[in-house]
Amino acid sequence: MQSRYPSPCFVMEKKKLDKNLKIFSILKEKTNITWLYTLKCFHESEGLAHISHVSSGFSIGNLNELSLAKKHQYTHIHSYAPAFYEEEVTLLADASDTMSFNSLRQWIKYSKQCQAKTSLGIRINPQLSLSQPSYCDTSHKKSRLGMSYMHFISEYNKDSQTFEYLEGLHFHAFCHQEVSALTILLTHIMKYYTHILPKLKWINLGGGQNFTHTSYDIEVFIACINHFHHQYPHIRLYFEPGSSIVHNTGYFTCTILDIIEDNPSKVILDTSIESHLLDVAITKQSLNVKGISKTKTPYVYELTGMSCIAGDIIGIYYFDKPLDIGENIIFENMMGYTLVKQNTFNGINKANFVLI
Ligand SMILES: Cc1ncc(COP(=O)(O)O)c(C=O)c1O
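A quick note: this is a predicted structure, and the numbers were derived from the prediction, not measured.

1. Let's talk about the overall build of the protein
Inference 1: A count of helical and extended segments in the protein gives 10 helices and 16 strands.
Inference 2: Taking the principal axes of the C-alpha coordinates as reference, the protein spans close to 70 × 45 × 40 Å.
Inference 3: Among the 356 residues that make up the protein, the fraction classed as buried is 54%.
Inference 4: Sequence-distant contacts, at least 24 apart, represent 67% of the contacts inside the protein between residues at least 6 apart.
Inference 5: When the accessible area of the protein is evaluated, it comes to approximately 16400 Å², of which 51% is carbon and sulfur surface.
Inference 6: Positive and negative charge centroids in the protein, built from 32 and 32 side chains respectively, lie 6 Å apart.

2. What about the environment of Tyr216?
Inference 1: Following the sequence through the fold, Tyr216 ends up in the loop between strand 9 (202–204) and helix 8 (218–231).
Inference 2: The exposure class assigned to Tyr216 is buried, which follows from its relative accessible area of 4%.
Inference 3: Ignoring anything within four residues of it in the chain, the contact list for Tyr216 reads Gln177, Glu178, Val179, Leu182, Gln209, Asn210, Phe211 and Phe221.
Inference 4: A distance of 2.4 Å separates the side chain of Tyr216 from the side chain of Gln209, its partner in a polar contact.

3. Focus on the domain arrangement of the protein
Inference 1: Taken domain by domain, the protein consists of domain 1 (32–240) and domain 2 (249–355).
Inference 2: Averaged C-alpha coordinates put domain 1 and domain 2 at centres separated by 35 Å.
Inference 3: Every contact between the two is made by 8 residues of domain 1 and, on the other side, 9 residues of domain 2.
Inference 4: Broken down residue by residue, the surface that domain 1 buries against domain 2 is led by Cys41, Phe42 and Tyr135, which jointly contribute 51%.
Inference 5: Scanning the region where domain 1 abuts domain 2 turns up 0 salt bridges.
Inference 6: Counting the contacts that link domain 1 with domain 2 gives 1 residue pair in polar contact (both at pLDDT 80 or more).
Inference 7: Residue composition of the side of domain 1 that touches domain 2, by class: 3 nonpolar, 2 polar and 3 charged.

4. Digging into the environment of Ala93
Inference 1: Following the sequence through the fold, Ala93 ends up in helix 4 (residues 86–95).
Inference 2: Taking relative accessible area as the criterion, Ala93 reaches 0% and is therefore assigned buried.
Inference 3: Separated by 70 residues in the primary sequence, Ala93 and Ile23 place their C-alpha atoms 31 Å from one another.
Inference 4: Not counting chain neighbours up to four residues away, the residues in contact with Ala93 comprise Met99, Cys114, Lys117 and Thr118.

Cut-offs applied
- Residues numbered from 1 in each chain as written.
- Predicted model: local features only at pLDDT ≥ 70, side-chain atom pairs only at ≥ 80, totals over all residues.
- Heavy atoms only, no water.
- Helix = DSSP H or I, 4+ residues; strand = E, 2+ residues; numbered from the N terminus.
- Buried < 20%, exposed > 50% of the residue type's maximum accessible area, 1.4 Å probe, protein only.
- Contact = heavy atoms within 4.5 Å.
- Areas by Shrake-Rupley, 256 points an atom, 1.4 Å probe, with all protein chains shown as cover.
- Lys, Arg positive; Asp, Glu negative; His and termini not counted.
- Charge placed at Lys NZ, Arg CZ, Asp CG, Glu CD.
- Polar contact = N/O pair within 3.5 Å; in protein donor to acceptor, adjacent residues only side chain to side chain.
- Domains from an automatic or database assignment.
- Buried area = accessible area lost by both parts, 1.4 Å probe.
- Salt bridge = Lys/Arg side-chain N within 4 Å of Asp/Glu carboxyl O.
- Nonpolar A, V, L, I, M, F, W, Y, C, P; charged D, E, K, R; others polar.

Next up, the structure:
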C-alpha cells in the first residue's frame, strides 16, 4: 500500500481528535474541572488550534512553550518546571494564572517575588504505590519531581509562614493510569492535608490518566470529583492531560527503502528511532504496525531505521504477505511525545505532518 502523503509523515485525523476532545467537554460539563492541555506532548500548530477551542488553556514549562501557547486562544496558563531559571521566573509568573515550584529551595527563593503576579503552588510527590513504567513513574520515593509529601507536611507544621503565599498544590503522579489511581490520590489528599486544604484555592491533579481509552471509567471519575467538590467547594481542580488528548488520533507512515535478505530479512525504512521515534527508544515500547499478523507467518521481517546507529531497530514483526521496496509501513497511535522530540541526527530530515 502506498500513502498519498510525503514520506515519512505523521498523519493526524481531525475526526479522531474531535472525538477525544468531546470526552473532555463532557468531563468539564459534568464536574466543573478545568483542564489545561500539556504542550510538551504534541504541539503542531494546526492540531493545537483545535485543542485550544476546547481546553481552558495550557500547562507550560518555560518561555518557549509560553510563546507557543500565545499563538492560540486560552484563558488560563499554568507554569511548572523541575527548576526555573532566575531570568525567566518573573516573566513566567507575569504570564501565568497559576504556577507551581518543584522544590522547597525554589519555593523559598521565588515565592515572595512572584506572589503578587500569580497564584502559587508547590508540587508534591505523594509517593503512591502504583504500578507504572519506570521511565514515567514520578511517584516513587527517590523521584526528583516534587517535594515528598512527608517533607512538605513536616515543614508546613514546623512553620506555616514559610508557605504564607501558598494557594495551590500540584500532583503529577500518574503515567497511563485508569481512574482507580485517581481515587487513590484523592484519598491521599483528603487524609494527609486536612489542615491545609481549607487555605487552598486550587489543586492541580496533573496528567497521566487514560481519559480517552475505552477502559477508562468516566462515571467513576465524575462521582469522585463531585464527591471532592462537595467536601471542598472552594478548591478548583485542574487537570493537565497530554497523551490522552492525542491518543489514537493519528499514525506515522514511512517507506521501505531496502530489504536485506536474511533470517529474518531486514527492512530499512526512511525513518529512524534516533530522529523521528525517540520516545520508542526511551520507553522501550513495541510499536503497533498496521497489517501485521497476530500469529507467526513465513513473512517475518526486522523493521529498522536508516541511521548509522547499529541499534536503530524497531522490532521483528510477522506480516500477512511479503513486503516490497517502495511500500509504506504504518505505525498506529503515534501523535504523543513523538513529533515533539524529532531532530536531524545523521542529516535525516524531520518527518512531515498533516492534519486530515
Ligand atoms: C507536570 C506534568 N503534567 C502533565 C503531563 C502530561 O502527562 P500525560 O501526557 O501522561 O497526560 C506531564 C508529562 O510529562 C507532566 O510532566
